Amino acid sequence: MTENLKQETVLVTTATGKTGHRVTQRLTERGVQVRAGSRRGAVPFDWDDASTWGPALGGADAAYVTYYPDLAGPGATEAMRAFGQAAAAAGVGRLVLLSGRGEPDAVKAESALREAGVPLTVVRASFFAQNFSEGPMAEGVAQGELVFPAGGTAEPFIDADDLADVMVAVLTEEGHRGETYEVTGSRLLTFQEAAEEIGRATGREVRYVPVTGEEYQGMLQQVGLPAQDAQWLVELFTMLMDGHNASTTDGVRQVLGRAPRDFADYARDAAKAGAWDA
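Residues numbered from 1 in each chain as written. Predicted model: local features only at pLDDT ≥ 70, side-chain atom pairs only at ≥ 80, totals over all residues. Heavy atoms only, no water.

Description of the nonpolar core
Generally speaking, nonpolar side chains in soluble globular proteins are found buried as a group.
1) Next: Formed by 32 residues in total, the largest nonpolar core has its most connected members in Phe132, Phe148, Phe157, Phe191, Phe263 and Trp276.
2) Next: Mapped onto this core, the elements with two or more residues apiece are α6 (136-142), β7 (145-148), α8 (191-202), β11 (207-210), α9 (213-222), α10 (227-240) and α12 (263-272).
3) Next: For this core, the element with the highest residue contribution is α12, accounting for 5 residues.
4) Next: Not counting the four nearest positions on each side in its chain, Trp276 is found in contact with Phe132, Ser133, Ala138, Val141, Ala142, Ile198, Thr202, Arg204, Tyr266, Ala267, Ala270 and Ala271.
5) Next: By size, the runner-up hydrophobic cluster in this structure holds 31 residues, among which are Ala60, Val65, Met80 and Ala87. (Core = buried A, V, L, I, M, F, W, Y, C linked by side-chain atoms within 4.5 Å. Buried < 20%, exposed > 50% of the residue type's maximum accessible area, 1.4 Å probe, protein only. Helix = DSSP H or I, 4+ residues; strand = E, 2+ residues; numbered from the N terminus. Contact = heavy atoms within 4.5 Å.)

Written out as structure tokens, the structure reads:
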């Protein structure tokens, strides 16, 4: 990284999320001036409140854009269009967007963000390995059950630490503007195989429990998710788990010059860190 890049200011949206806090930490360690945007942080940023976008973008040279709850979700395309315009008005020099792999609606949102003309790099990621250890799934896994409507579909789970390394590279190095990368883990695993890997890492049985989309929607509603949101999530999962993403890519190697971490290594480290301690 050149000295002038170290002097840049980077806005990290959703800076408390799975990738946001990792990107913030890595940029800070590299000496980059980071503006960590979040709903309750020192830099107010809320995807549901467009009035926070301009002030957060003001004076930033670049921005890491990770839309909550999902780039394929309702309203995301409109939000990306408006955010791109705000970034252009603020004079931001480049944007790096976290997108979903194999999500047609996310591609529409990518295009909307691109409309304002700010140079954009898109990173399309597969299902995060950390979804098993950080967030709603972790409790069930800790209790010995991985419940999800994936059937026997295989997925190349990406380690969020690898993804954060990719994001930092494209934010701080030249040669990535205008590029689109697809990043995945190194191998395909079914959810049954992922549960077995986690079980070996923890020394306890972890059982995969396949459920239907309808059953999973009911479970989501039972824990308080509104019916409309639960239905949308299930529709997204059903689409993602139809097999069209059952392949690996060399995106991590393209950007970082190395292979992605193996799922077994992720599971071992998460277990050592106490992710699934009862």
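Back to the write-up after that little detour.
Observations concerning the sheet that holds strand β6 (residues 120-125)
1) Next: A sheet is described by the order of its strands in space; here 7 strands give the open sequence β3-β2-β1-β4-β5-β6-β9, paired in parallel fashion. Each of the sheet's edge strands pairs with one partner strand only, and the pair in question is β3 (43-44) and β9 (180-183).
2) Next: Pairing of strand β1 (residues 9-12) with strand β2 (residues 33-38) involves 4 bridges; the strand directions are parallel. Following the sheet pairing, Val10 is matched in β2 by Val34.
3) Next: Here helix α5 (residues 104-114) sits on the sheet in contact with β5 (94-100), β6 and β9, set at roughly 165 degrees to β6. (Pairing = 2+ DSSP bridges. Axes fitted to C-alpha atoms, helices over the stretch in contact; angles between N-to-C directions.)

Structural notes on α10
1) Next: Along its 14 residues, α10 runs 20 Å from first to last C-alpha, staying within 8% of the 20 Å computed at 1.5 Å per residue.
2) Next: For α10, the full list of buried residues reads Ala230, Trp232, Val234, Leu236, Phe237 and Leu240.
3) Next: Each element contacted by the buried residues of α10 is listed here: β7 and α9. (Expected span 1.5 Å × (residues − 1).)

With respect to the pairing of β2
1) Next: Between the parallel pair β1 and β2, the chain is carried across by helix α2 (residues 20-29), and the sense of this crossover is right-handed.
2) Next: Bridge analysis of β2 against β3 gives 2 bridges, and the strand direction is parallel. By the bridge assignment, Gly37 is partnered in β3 with Val43. (Right-handed = clockwise from strand over helix to strand, strands pointing away.)

Considerations on the environment of Ala62
1) Next: Among the structural elements, Ala62 can be located in strand β4 (residues 62-65).
2) Next: Taking the C-alpha atoms as reference, Ala62 lies 17 Å from Arg81; in sequence the two are 19 residues apart.
3) Next: With residues near it in sequence (within four places) discarded, Ala62 still touches Thr9, Val10, Leu11, Val92, Arg94 and Leu171.

Focus on the side chain of Glu8
1) Next: Along the chain, Glu8 falls in the loop between α1 (3-6) and β1.
2) Next: In this structure Glu8 comes out as buried when scored by relative accessible area, which is 15%.
3) Next: Among the polar contacts made by the side chain of Glu8, one reaches the side chain of Arg94 at a distance of 2.9 Å. (Polar contact = N/O pair within 3.5 Å; in protein donor to acceptor, adjacent residues only side chain to side chain.)

Some words on the packing of helix α4 (residues 76-90) against α5
1) Next: Running from N to C, α4 and α5 point in directions that differ by 20 degrees, and their axes come no closer than 7 Å. By the criterion of interaxial angle, the relationship of α4 to α5 is roughly parallel. Both α4 and α5 take part in a crossing whose hand is right-handed. From α4, Ala76, Thr77, Met80, Arg81, Phe83 and Gly84 reach across to α5, where they touch Asp105, Lys108, Ala109, Ala112 and Leu113.
2) Next: For the contact of α4 with α5, a count of residues per class yields 6 nonpolar, 2 polar and 3 charged. (Parallel < 35°, antiparallel > 145°, perpendicular 65-115°, else oblique. Left-handed = near helix turned anticlockwise from the far one by under 90°. Nonpolar A, V, L, I, M, F, W, Y, C, P; charged D, E, K, R; others polar.)

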